[in-house]
Amino acid sequence: MENLNSEKFDYVIIGAGAAGLASAQYAARGGLSVLVLDVAGAGGQVLQISELENYPGVFPAVDGATYMMTMQKQAESFGAKVLQDNVLSIDKTGGAFLVKTKKASYEAACLCLATGAIHRNLEVPGEKEFTGRGVSYCATCDGPFFRNKKIVVVGGGDSACSEAIYLSTLSSDVSIIHRRDKFRAQQAVIDKMLAAGVKPLYDSVVKEIKGSAKVESVIVENVKTGEQTELTTDAVFIFTGMLPQTELVEMLPKDPAGYILTDENMETSVPGLFAAGDVRSKPFRQVVTAVSDGAIAAHVASERIRNA
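Residue numbers restart at each chain and count upward from 1, following the sequence in its written direction. Two thresholds apply to this predicted model, a pLDDT of at least 70 for residue-level local features and 80 or more for giving and counting side-chain atom pairs, whereas whole-chain, interface and lining totals are computed over all residues. Values shown for side chains rest on all heavy atoms present in the structure; no hydrogens or waters enter the calculation.

Enquirer: Provide a residue-level description of the packing of helix α4 (residues 158–168) against helix α5 (residues 187–195), including the pertinent values.
Expert: As a rule, the C-alpha atoms of each element are fitted with a line to give its axis, helices using only the stretch in contact, and angles between N-to-C directions run from 0 to 180 degrees. Counting from the N terminus, the helices are DSSP H or I runs at least four residues long and the strands are E runs at least two residues long. As a packed pair, α4 and α5 sit with axes 9 Å apart at the nearest point and diverge in direction by 30 degrees. In terms of axis orientation, α4 runs roughly parallel to α5. Note on packing geometry: the crossing formed by α4 with α5 is left-handed. Every residue of α5 that contacts α4 at D158, C161, S162, A164 and I165 is listed here: V189, K192 and M193. When residues are sorted by character, Ala, Val, Leu, Ile, Met, Phe, Trp, Tyr, Cys and Pro go into the nonpolar class, Asp, Glu, Lys and Arg into the charged class, and all the rest, Gly among them, into the polar class. Class assignment of the residues belonging to the contact of α4 with α5 gives a composition of five nonpolar, one polar and two charged. Oblique is the label for every angle not falling under 35 degrees (roughly parallel), over 145 degrees (roughly antiparallel), or within 65 to 115 degrees (roughly perpendicular). Each helix crossing is assigned a hand: it is left-handed if the near helix lies turned anticlockwise from the far helix by less than a right angle, otherwise right-handed if that turn is clockwise. Whether two residues touch is decided by their heavy atoms; if any such pair falls within 4.5 Å, the residues are in contact.

Encoded structure:
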């Protein structure tokens, strides 16, 4: 499709999750002309949170959709423009970035990638249906809702084992299902997890997640014997890896897991190109850290533009 128009902005943000909208708010409030682009509209992974109870200052808890709607309105109140559109390519010519979408093209002095990361799904019946109703991809976010209840963790790497350790502080009935006969995590993490009382189910995969209004059980299959069993549980925490959304910037330096490397100013190896939120290489991914990333990127971009 031909690009229908071209428009200039000081700062273009790709991704309208927590990082992107926070960056938009700070940049627009600082006087920049700001555009936020997202193929799905505002929200990101926060939309999966049924109760956002651990964000400082947000109390009582709100659901993720309400929180993101408020973030969008707040950013727009300062003058940011939020559009639903699919970004096709990013180029830099001279000192400006050119962003091409399905509907238009935009020019910007600075650009922020807040495209996030998506969870690797199990792709089994019940997973999508019960997301937010017992199926979760974030122990810190949702673990406290299942205190003293039956919990199943799926995965075998450092993240899965570490999250299982955390969940074991909330419940004495935590099982971890792994498709191989040994975990891929660091041995020290495995030892700590087993010492915490987490029960391993080796050589096993989840074939189905069952329930009515919420999760009630999982069907587990032994990959060696083919035998299936039904395990009752109140929650299924899935940690089978993340996929950072970096398709637009494959040339940028990344860490071994594929996350974009930045400095403490959120700037990538390309001057004026920032990365914020879950797409960035960092040790902790939460709404609060995404918002912080976005604010820092906006601040540094504002200074760069003012001093240009």
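This is not the end of the story, as more comes after the structure.
Enquirer: Mind laying out unusual backbone geometry, listing which residues take part and the relevant values?
Expert: The step from F59 to P60 runs through a cis peptide bond, and the omega angle for that step is 0 degrees. Here E123, not a glycine, exhibits a phi torsion of approximately 60 degrees, which is positive. Here E123 falls in the exposed class, since its relative accessible area comes to 66%. Located in the positive-phi region is N148, a residue other than glycine, with phi close to 65 degrees. A simple rule labels every residue: compare its accessible area, found with a 1.4 Å probe on the protein chains alone, to the largest value its type can have, and call it buried under 20%, exposed over 50%, or partly exposed in between.

Enquirer: Describe the state of the cysteines, with residues and values.
Expert: Sulfur atoms of two cysteines make up a disulfide when they are within 2.5 Å. Per the stated rule, a full pass over the model turns up one disulfide. Looking at the unpaired C110, the closest cysteine sulfur is the one in C112, lying at 9.8 Å. With relative accessibility at 1%, the residue C110 sits in the buried group. Here C161 is not disulfide-linked; the sulfur of C138 is the nearest cysteine sulfur, at 17 Å.

Enquirer: How would you explain a positive patch on the surface if you had to name every residue and give the values?
Expert: The grouping of R179, R180, R184 and K207 at the surface amounts to a positive patch. Tracing the backbone through its elements, the reader meets R184 in the loop between β10 (174–177) and α5. R184 sits in the exposed class, given a relative accessible area of 51%. Surface patches are drawn from residues lacking salt bridges whose relative accessible area is over 30%; two like charges belong together within 9 Å, two nonpolar side chains (Val, Leu, Ile, Met, Phe, Trp, Tyr) within 5 Å. Values of accessible area rely on a 1.4 Å probe in the Shrake-Rupley scheme; residue burial ignores everything except the protein chains shown. The salt bridge criterion pairs a side-chain nitrogen of Lys or Arg with a carboxyl oxygen of Asp or Glu, the two atoms within 4 Å. Charge counting treats Lys and Arg as positive and Asp and Glu as negative, with His and both chain ends excluded. Note on charges: their place is set at NZ of Lys, CZ of Arg, CG of Asp or CD of Glu.

Enquirer: Can you lay out the pairing of strand β13 (residues 215–222) for me, pointing to particular residues and giving the numbers?
Expert: With six of eight residues buried, β13 lies mostly within the body of the structure. Between any two strands, pairing holds if DSSP finds at least two bridges. Of the pairings in the sheet, the one linking strand β12 (residues 204–211) to β13 comprises seven bridges and is antiparallel in character. Along β13, the bridge assignment pairs G211 with V215. The antiparallel hairpin formed by β12 and β13 contains three residues in its connecting segment. Summarising the sheet, β13 and strand β14 (residues 228–232) pair through five bridges and their orientation is antiparallel. Within β14, the position partnered with I219 by the bridge is E230.

Enquirer: Explain the sheet that holds strand β15 (residues 235–238) residue by residue, including any values.
Expert: The sheet built from five strands is open, its strands ordered β8-β15-β9-β10-β11 with parallel pairing. The open sheet terminates on both sides in strands that have one partner only, identified here as β8 (135–136) and β11 (199–201). Looking at chain direction, strand β9 (residues 151–154) and β15 are connected through four bridges and run parallel. Pairing of V153 across the sheet is with F237, part of β15.

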